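# Understanding the architecture of this molecule
Given next are the chains, with one letter for each unit.
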Amino acid sequence: MRAAAITAYGEPLVVGDFPDPSPGSDGVVLKVEATGICRSDWHAWMGHDLVPRLPHVPGHEMAGTVQAVGDDVTQWRVGDRVTVPFSVGCGVCRSCREGHLNTCDSLFTPGFTHWGSFAELVAIAHADLNLVRIPDPVDSTHAAALGCRFITSYRAVVDRGRIAEGEWLAVHGCGGVGLSAVMIGAAMGARVVAVDISPDALRMASELGAEIVVDASDVDPVQAVRDMTDGGAHVSIDALGNSATAINSILSLRKHGRHVQVGLLLADHATPPIPMDPVIAGELEILGSRGMPATDYPRVFELIETGGVDPTRLVTNTVSLGEASSVLEAMGRFAGVGVTVIDRFE
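Residues numbered from 1 in each chain as written. Predicted model: local features only at pLDDT ≥ 70, side-chain atom pairs only at ≥ 80, totals over all residues. Heavy atoms only, no water.

### Points about the overall build of the protein
Within the protein, the secondary structure is distributed over eleven helices and 15 strands. Expected size for 346 residues packed as a compact globule is a radius of gyration near 20 Å; at 19 Å, the protein falls within 12% of this value. In terms of principal-axis extent, the alpha carbons of the protein reach across some 60 × 40 × 35 Å. Long-range contacts, defined here as pairs at least 24 residues apart, represent 71% of the contacts in the protein between residues at least 6 apart. Total accessible area computed for the protein in this model is approximately 14,000 Å², and 51% of it derives from carbon and sulfur atoms. The averaged location of the 42 negative side-chain charges in the protein is 3 Å from the averaged location of its 24 positive side-chain charges. (Helix = DSSP H or I, 4+ residues; strand = E, 2+ residues; numbered from the N terminus. Rg over C-alpha atoms; globule rule 2.2 N^0.38 Å. Contact = heavy atoms within 4.5 Å. Areas by Shrake-Rupley, 256 points an atom, 1.4 Å probe, with all protein chains shown as cover. Lys, Arg positive; Asp, Glu negative; His and termini not counted. Charge placed at Lys NZ, Arg CZ, Asp CG, Glu CD.)

What follows is the structure in structure tokens.
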């Protein structure tokens with residue numbers, strides 16, 4: 001198979017031919033038709049989120065067709081169009097038994113714990129529990145864009161943040177996750193404030209439903225959010241994963257507000273100094289959010305089908321496998337807006 005592998009952290013991916021994977025007894029092999037390039041992939045490429053060993057194939061936002069099926073798989077057949085959460089549940093551990101496949105103890109994560117989807121083929125374990133059938137109207141490029149960023153944002157805003165109609169939602173960082181959160185929050189009837197330092201990202205946030213945009217390079221984002229929301233947001237999300245944005249998110253809340261940490265805090269940002277005085281005095285909630293179980297995907301597809309959201313608007317660029325390195329390098333400079341998807345594997 002053709003794949004792009006990390007052979008040295010921070011160095012260009014090596015594109016070449018690698019052995020085809022085989023399905024485990026409970027797994028499948030997918031023929032990848034499209035795969036997103038996510039900031040989480042950038043963390044793996046940089047060595048912030050260490051992979052088991054090099055060389056390693058990254059990629060976790062995938063859509064494609066089932067090419068091979070393990071002997072114990074009962075729900076899927078060759079040719080089925082599917083996507084898969086980036087956090088694959090085993091179905092056996094306590095977390096999975098309680099319905100939280102996204103926080104599985106065994107931790108099978110394509111692109112991180114196992115080879116991922118920057119490849120023509122990828123092996124996925126525990127297929128019956130974790131594969132998600134792609135509705136016919138959704139093409140593979142846009143299904144791939146759902147795979148991490150949109151799905152993660154939906155859980156963060158709706159399930160973890162518990163956003164309600166008319167509440168203020170502040171989104172700190174308007175990359176793929178943040179822009180998804182803006183769109184979803186607006187669809188839920190929230191009043192959305194988008195915070196970023198990129199004029200292009202803020203412009204896109206406005207187009208996707210942000211009522212207010214704040215240029216954090218020009219003003220104090222905490223004071224701006226508190227002033228513009230009459231005392232602070234009800235829900236605030238750090239969609240970037242940075243000490244500054246995490247702290248700003250917490251400080252921009254009103255009393256009894258809810259901070260949701262979505263962006264990965266790694267490397268130098270792994271242990272941000274949490275401002276606990278306002279957390280205690282304001283009875284704030286600090287919540288984590290990790291992906292979403294496959295069983296919850298139908299709610300997102302229903303929202304798409306009814307016209308509540310249109311994730312296709314997030315995809316601003318498609319590239320070949322050979323261009324993935326340049327996209328990852330640009331992420332380190334926060335260049336580009338929206339979601340980039342690999343849809344060609346030459």
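### As for the pattern of salt bridges
All chains considered together, the criterion is met by 14 salt bridges. In this structure, the salt-bridge partner of R333 is E329, at a minimum N-O distance of 3.0 Å. If you follow the salt bridges from partner to partner, you end up with R155, D159, D296 and R299 in one network. (Salt bridge = Lys/Arg side-chain N within 4 Å of Asp/Glu carboxyl O.)

### Quick notes on the pairing of strand β4 (residues 61–69)
One ladder, built from eight bridges, connects strand β3 (residues 28–37) with β4; its direction is antiparallel. If you follow V28 over to β4, its bridge partner there is V69. In terms of strand pairing, β4 meets strand β5 (residues 81–83) through three bridges, oriented antiparallel. Looking at β5, one finds that A63 is bridged to T83. (Pairing = 2+ DSSP bridges.)

### As for the packing of aromatic side chains
Taken as a whole and assessed by the stated rule, the structure comprises two aromatic pairs. With a centroid separation of 5.7 Å and an interplanar angle of 85°, the aromatic rings of F18 and W115 are classed as edge-to-face. Placement of the pair is F18 in the loop between β2 (14–17) and β3 and W115 in the loop between α2 (94–97) and β6 (121–124), with a sequence separation of 97 residues. (Phe/Tyr/Trp six-rings, centres within 6.5 Å; stacked < 30°, edge-to-face > 60°.)

### Quick word on the nonpolar core
Ranked by size, the top nonpolar core spans 51 residues in total, and within it F150, V157, L169, V182 and I237 carry the most contacts. Listing elements by their share of this core, those giving two or more residues are α4 (140–160), β8 (168–172), α5 (176–187), β9 (191–196), α6 (199–207), β11 (233–238), α10 (297–305) and β15 (339–344). For this core, the element with the most residues is α4, which contributes ten residues. V157 has contacts with R162, I163, L169, A181, I184, G185 and I237, leaving out every residue within four places of it along the chain. By size, the runner-up hydrophobic cluster in this structure holds 39 residues, among which are V57, M62, V66 and V84. (Core = buried A, V, L, I, M, F, W, Y, C linked by side-chain atoms within 4.5 Å. Buried < 20%, exposed > 50% of the residue type's maximum accessible area, 1.4 Å probe, protein only.)

### Description of the environment of P273
Within the element layout of this structure, P273 appears in the loop between β12 (253–261) and α9 (276–281). For P273, a relative accessible area of 58% corresponds to the exposed category.

### What to know about the sheet that holds β9
Taken in spatial order, the six strands of this open sheet run β10-β9-β8-β11-β12-β13, and their pairing is parallel. The sheet is open, and its two edges are formed by β10 (212–215) and β13 (285–288), each paired on a single side. Geometrically, the sheet is characterised by an average inter-axis angle of 20° between neighbouring strands, direction not taken into account. The strands touched by helix α8 (residues 243–251) are β8, β11, β12 and β13; relative to β12, the strand with the most contacts, the crossing angle is about 150°. (Axes fitted to C-alpha atoms, helices over the stretch in contact; angles between N-to-C directions.)

### Describing the environment of P52
Along the polypeptide, P52 turns up in the loop between α1 (39–46) and β4. Among the residues examined, P52 registers a relative accessible area of 44% and is labelled partly exposed. Taking the C-alpha atoms as reference points, P52 and T113, separated by 61 residues in sequence, lie 6.3 Å from one another. Those residues in contact with P52 that sit more than four places away from it in its chain are F112 and T113.

Keep in mind these numbers describe shape, not what the thing actually does.
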